[in-house]
Amino acid sequence: MLAETAKNLFVSERDQRLYRVLELTYLNPAPKQEAVADRLGLSFSTYRRHLTTGVDRLTEWLWRQEQGTPQIETIVGYSTERTVMDAPVNQSDNIAAPTDVFRPVPGGDTAANELSAALPLPDKPSVAVLPFTNMIGEPDQEFFPDGIAEDVITALAHYPSLFVIARNSCFTYKGRAVDVKQVGHELGVRYVVEGGVRKAGNRLRVTAQLLEAETGKHVWAERYDRDLADIFALQDEIAEAVTIAIAPAIAGAERHRAMRKPPESLDAWAAYQRGLWYVGKASPDDNARSQRFFQQAIDLDPTFAGGYTGLAWAQLQAGTVFITGSFAQTQTSAEALARRAVALDDADAEARSCFGQALRHRGDYEGALAEAERALTTTPNLASAHGVLGSALLFSGRLRDGLGAVRRSIRLDPRDPALASRLNYMAIGLYFSREYEAAVEATKRAIRSYPEFPLPYRWLAAALGQTGRIEEAGQALEQALAIAPTAFYLYVAERVPWMRAEDHAHMLDGLRKAGWREKSARPS
């Protein structure tokens, strides 16, 4: 009763934030109130004020019911005969006071009474998943398209980088022909997902698309054709496929949006996205640029965990890939940044993944595995968590599981800013598994995509050496020494903390077969 009352009582656009606060706190609760505030893009103090206002409003309604006062109907879209509830509202929270509750008057002008104020967009990308249209032609199959939409909402809500509108709000559009601009305006979202389900014989076709609400522009679209066997297993399969496509598509769209903004107009989220853009280019100069934008994100919002995770990641690359900073100092600094991100939000799976990567870099495989697994508990399809899991498994000797995790990370986000590292992990895992021809192909793929990323050249030389292709191996060895002589010395003449002695010896064996000699290791 209270759930339905809240939905009807806070029906106007200006009151939707109050309804979301109540919904996520009591009707569909998150583990912690801090997590609710974060999902809504509110400071905790603002969230608590909204919660108090909403509870006061519901309490007044219950009191009126107890006193026998006629129930106040709250239907928007009629001429207004007003009853005003003077619930205390802080004007700084962007909620108008007093709040108008409308009683319908037949024959009123609907258009004249539509509320014009759009809900403000949260700091992070926001998305609404509309009910999928049932084009099967069988009303008793309505559960299938509804189930897909509900599962996608639930899965996307696990991504710490997304603000996802709850199911109850999204399903108010069920059975209605709506414009995505209207949805974006009414729900305060930047992206809208919509889709439909058709059936022909024993085949189902599910279509889904991601649109930018402001422009109606298509960001992503896909079609899934499946045999109708176990319909519940099919629902799970398609919902997962849609989810793992949407999250990276939104991430890519956000990076493009950030790159279109003038640097002086960036907020913390946009600065973070611009940092991801540069760090994903996998070159020393771009990595240095990325650190400036991640630091800008921290300066703009010291409570935003993303700025710390981005800067930690970029510093790890500076110290262990491009050698543009001290190996020891960047390791220490990056781990401190990752710890800070986790302290800000211990439920943030991205922060957990970053912390796991920092632990793996100092050879703490068990700590890295624990952090990656903890991240995957909350966000099972997070590409970065699978990537950290894979690297920790590979370097601790669990090659089959490690390669599987790395493959899944690439499958989940083939445009991940960390793709250069993921491809290098694939080559390392194949080399450690003594699948040398496959390792050669993996390193060549990485080099084609990221020619300034130095690490795959060394593994290419070693893998070619193991295959007996000595001339090619010698050329690859020359490239590895030329592109990053300091990094070559770090990994070859010394042994980095995360590489086991037997794996280091295995790498040296391939490099020697490629023509490397110890005296040539140290850069001049």
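Reading guide: rules and limits
Residues numbered from 1 in each chain as written. Predicted model: local features only at pLDDT ≥ 70, side-chain atom pairs only at ≥ 80, totals over all residues. Heavy atoms only, no water. Helix = DSSP H or I, 4+ residues; strand = E, 2+ residues; numbered from the N terminus. Buried < 20%, exposed > 50% of the residue type's maximum accessible area, 1.4 Å probe, protein only. Contact = heavy atoms within 4.5 Å. Areas by Shrake-Rupley, 256 points an atom, 1.4 Å probe, with all protein chains shown as cover. Salt bridge = Lys/Arg side-chain N within 4 Å of Asp/Glu carboxyl O. Pairing = 2+ DSSP bridges. Polar contact = N/O pair within 3.5 Å; in protein donor to acceptor, adjacent residues only side chain to side chain. Core = buried A, V, L, I, M, F, W, Y, C linked by side-chain atoms within 4.5 Å.

To continue, consider the overall build of the protein chain. When its secondary structure is counted, the protein chain shows 22 helices and eight strands. Counting across all 524 residues of the protein chain, residues that qualify as buried make up 54%. Excluding contacts between residues fewer than 6 apart, the proportion of contacts in the protein chain whose partners are at least 24 apart in sequence is 61%. Surface summary for the protein chain: the accessible area is close to 23,000 Å², and the carbon and sulfur share equals 50%.

All right, on to the pattern of salt bridges then. One pass over the structure, following the stated rule, counts 20 salt bridges. Two residues, D227 and R203, come together in a salt bridge whose shortest N-O distance is 2.9 Å. Remark: R203 occurs in strand β7 (residues 203–212) and D227 occurs in strand β8 (residues 218–227); sequence separation between them is 24 residues. When the shortest N-O distance is used, the salt bridge between R257 and E254 registers 3.9 Å. Of this pair, R257 and E254 both sit in helix α8 (residues 231–260), separated by three residues, roughly a single helical turn. Salt bridges here are not isolated pairs; linked through shared partners, they connect E437, K444, R469 and E472.

On to the pairing of strand β6 (residues 191–200), then. By the bridge criterion, three bridges tie strand β3 (residues 126–129) to β6 in an arrangement that is parallel. By the bridge assignment, A128 is partnered in β6 with V192. Here strand β4 (residues 133–134) runs beside β6; their pairing, made up of two bridges, is parallel. Bridging from a neighbouring strand, T133 pairs with G196 of β6. Here β6 runs beside β7; their pairing, made up of 10 bridges, is antiparallel. Looking at the pairing, G196 lines up with T207 of β7. Once β6 ends, the chain turns through two residues before running back antiparallel as β7, passing G201 with a positive phi of about 65 degrees.

Examined against the element boundaries, E212 turns out to sit in strand β7. Residue E212 is classed as buried on the basis of its relative accessible area of 13%. Not counting chain neighbours up to four residues away, the residues in contact with E212 comprise R190, Y191, K217, V219 and R257.

So, on to the environment of R362. Following the sequence through the fold, R362 ends up in the loop between α13 (349–361) and α14 (365–378). Separated by 27 residues in the primary sequence, R362 and E335 have C-alpha atoms spaced 9.5 Å apart. Ignoring anything within four residues of it in the chain, the contact list for R362 reads Q331, E335, R339 and P497. There is a polar contact of 2.9 Å between the side chain of R362 and the side chain of E335.

Before going further, it helps to examine the environment of E435. Checked against the element boundaries, E435 lands in the loop between α17 (419–432) and α18 (436–449). Separated by 31 residues in the primary sequence, E435 and Q466 place their C-alpha atoms 9.8 Å from one another.

Another aspect to go through is the nonpolar core. Side chains of nonpolar character tend, in soluble globular proteins, to be buried together. In this structure, F144, L156, W220 and I246 are the most contacted members of the largest nonpolar core, which totals 105 residues. Residue contributions to this core peak at 13 residues, all from α8. Residues L419, L455, L460 and V492 belong to the second largest nonpolar core, which totals 52 residues.

Now for the environment of L18. Mapped onto the elements of the fold, L18 is located in helix α2 (residues 16–27). Along the sequence, L18 and R57 sit 39 residues apart, while their C-alpha atoms lie 9.7 Å from each other.

Phi at A282 takes a positive value of approximately 55 degrees, unusual for a residue other than glycine. Its place among the elements puts A282 in the loop between α9 (268–279) and α10 (284–300). Residue A282 is classed as buried on the basis of its relative accessible area of 4%. Although it is not a glycine, R434 adopts a positive phi angle of roughly 65 degrees. Within the secondary structure layout, R434 lies in the loop between α17 and α18.

So, to be careful, I would describe these as geometric facts and stop short of saying anything about function.
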